[in-house]
Amino acid sequence: MAKAPVLTPQHADFPRWYQDLIGKAELADNGPVRGTMVMRPYGYALWERMQQELDARIKAAGARNAYFPLFIPESYLSREAEHVEGFAPELAVVTHGGGKRLEEPVVVRPTSETIVNEYFAKWINSYRDLPLLINQWANVVRWEMRPRVFLRTTEFLWQEGHTAHASYEEARDYAARIHREVYADLLRNVLAIDVVLGRKSPAERFAGAINTLTLEGMMRDGKALQLGTSHELGQNFAKAFDTRYLGADGTRQLVWQTSWGASTRMVGGLIMSHGDDHGLRVPPRLAPVQAVVLAVKSDDAVPAAVRESAARLRGAGVRVETDERTDIPFGRRAVDWELKGVPVRVDIGPRDLADGTATLVRRIPGGKQSVALAALPELLPALLEEDQAHLLRESRERREARTTEVSTVEEAAEAAAAGGWARIPWARLGPEGEARLARDAVSVRVLVAADGSVPESDDAPGTVAVVGRAY
């Protein structure tokens, strides 16, 4: 009888494969309240690495970290009508505390534009206080009707940036800078996901924004996943909270604002972009563990050789872990590391040691080879960069191969139903065609210029809508 696979094959049931992998790779578990999740140490380590990379880029863009309360007075949200309407179905509202009914209900933070503006209005007095560039790392709660671990959870972790500027142009340019230098750089150069950058259609914009910039990735099943957004808020929240500054000309003026965020959804995107039927494949620049040095069998010399090899690799800048658990069968340990997607496994056994070699197993392109132990510190960094490029190339080639140029709404719907994306001129699709696609669970994921750049406006000549089914 054939041995059952460790994971459900992707082609047989992609959602089941996803759930299997999250469990078998020890990434997360469902929380006790529907829609919540418990992130296990390895899953959280992936998020920590994303945090570190994001935080460095955010600070390089001039923003500083702060923290705002989890609880927001309900009245704050009602000040910006479009914002409260957009979030009303997802709100968690606290009506009792300390055994008593609250005088005013409080909302568990779904996003922080309202409470941030309450304090921006206090902190900003003069043009000298601008720009004000703030970021916070926090959890948010949005009551999710169709939860899925990492992708859509009632509570999730994220960063949210909030900025105030003296002019529309400054705010517009800063939102674009975050879009490009923070999110796109992270997703392409660290997560190895070849995202498409562009604008959201008016129907898909963030509630209360005048423009939303998005980054969309194609998953291995052909569906789209939004992996980050940067919003131009215009003066909508400034008007609602009277956030003004005294200009150099002595007049009081409303500020112009942005907000932007990326969340633990990126972990789900990582899984669905790069995982295969054997488990995760983690891009080396992101990987918490880039190489594991594994003792095949225990004898007097092998454990010492494992530790020595790991130390030399660390000296070469490789993030390394050792596995000396020889009381667990080698095959089981090899499968566990394969599931976790560690880019390189270095196997050392008594025979290898006698020859002065190790068996190098590469997770991303596959394959194994015998390598001199002395050569590992010089060889591994170059191989890891090769594997990083391999994943980005795969991501780009998949998207290009599964994206179809179409000219009608019907053709766009067919392309999405077949498991891919379609590109259609926005002038030909428009809001009416977008509504027709929505009836088939197909959405406009992003608006791009004909050359693939970000269009200056929704109706800029030559704007193309990229449509597909999405998570």
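Preceding this paragraph is the structure being described.
Residues numbered from 1 in each chain as written. Predicted model: local features only at pLDDT ≥ 70, side-chain atom pairs only at ≥ 80, totals over all residues. Heavy atoms only, no water.

Visitor: Outline the sheet that holds strand S18 (residues 357–362), listing residues and values.
Guide: Strand order across the open sheet formed by 5 strands is S16-S15-S17-S18-S19, with mixed pairing between neighbours. In this open sheet, the two strands that pair with only one neighbour each are strand S16 (320–323) and strand S19 (368–372). Across the sheet, the mean angle from the axis of one strand to that of its neighbour is 25°, orientation sign disregarded. Relative to S18, strand S17 (residues 344–348) runs antiparallel, the two sharing 4 bridges. When the sheet's bridge partners are listed, Arg345 is paired in S18 with Val361. Across the sheet, helix H9 (residues 302–315) touches strand S15 (291–295), S16 and S17, and the angle it forms with S15 is around 165°. Against the sheet, helix H10 (residues 330–340) makes contact with S15, S16 and S17, and its axis sits at roughly 175° relative to S15, the strand it touches most. (Pairing = 2+ DSSP bridges. Helix = DSSP H or I, 4+ residues; strand = E, 2+ residues; numbered from the N terminus. Axes fitted to C-alpha atoms, helices over the stretch in contact; angles between N-to-C directions. Contact = heavy atoms within 4.5 Å.)

Visitor: How would you summarise the side chain of Thr357 if you had to cite specific residues and measurements?
Guide: Locating Thr357 in the fold gives a position in strand S18. When its relative accessible area of 15% is taken as the criterion, Thr357 is described as buried. With near-sequence residues (within four places) excluded, Thr357 lies in contact with Asp352, Ser370, Val371, Ala372 and Leu373. (Buried < 20%, exposed > 50% of the residue type's maximum accessible area, 1.4 Å probe, protein only.)

Visitor: Now, about the packing of aromatic side chains: what can you tell me, with residues and values included?
Guide: The tally for this structure, following the rule as stated, stands at 10 aromatic pairs. Consider the rings of Phe14 and Trp17, whose centres lie 5.0 Å apart with planes at 35°: the pair is tilted. Placement of the pair is Phe14 and Trp17 together in helix H1 (residues 14–24), with a separation of 3 residues, close to one helical turn. Comparing Phe14 with Trp17, the two get one shared label, buried. With a centroid separation of 6.3 Å and an interplanar angle of 55°, the aromatic rings of Tyr174 and Trp260 are classed as tilted. Highlighted residues: Tyr174 in helix H6 (residues 168–189) and Trp260 in strand S14 (residues 256–263), separated in sequence by 86 residues. Since its relative accessible area comes to 2%, Trp260 is described here as buried. Aromatic rings pair up to connect Phe68, Tyr119, Phe120 and Trp123 into one cluster. In this structure, Lys223 packs its charged tip against the face of Tyr471, placed 5.0 Å from the ring centre. (Phe/Tyr/Trp six-rings, centres within 6.5 Å; stacked < 30°, edge-to-face > 60°. Lys NZ or Arg CZ within 6 Å of the ring centre and 35° of its normal.)

Visitor: Please give an account of the sheet that holds strand S5 (residues 92–97) that cites residues and values.
Guide: Strand order in this open sheet of 3 strands is S4-S6-S5, and the pairing throughout is antiparallel. In this open sheet, the two strands that pair with only one neighbour each are strand S4 (71–73) and S5. Neighbour to neighbour, the strand axes of the sheet diverge by 45° on average, direction disregarded. Bridging between S5 and strand S6 (residues 100–108) involves 5 bridges; their strand directions are antiparallel. Following the sheet pairing, Gly97 is matched in S6 by Lys100.

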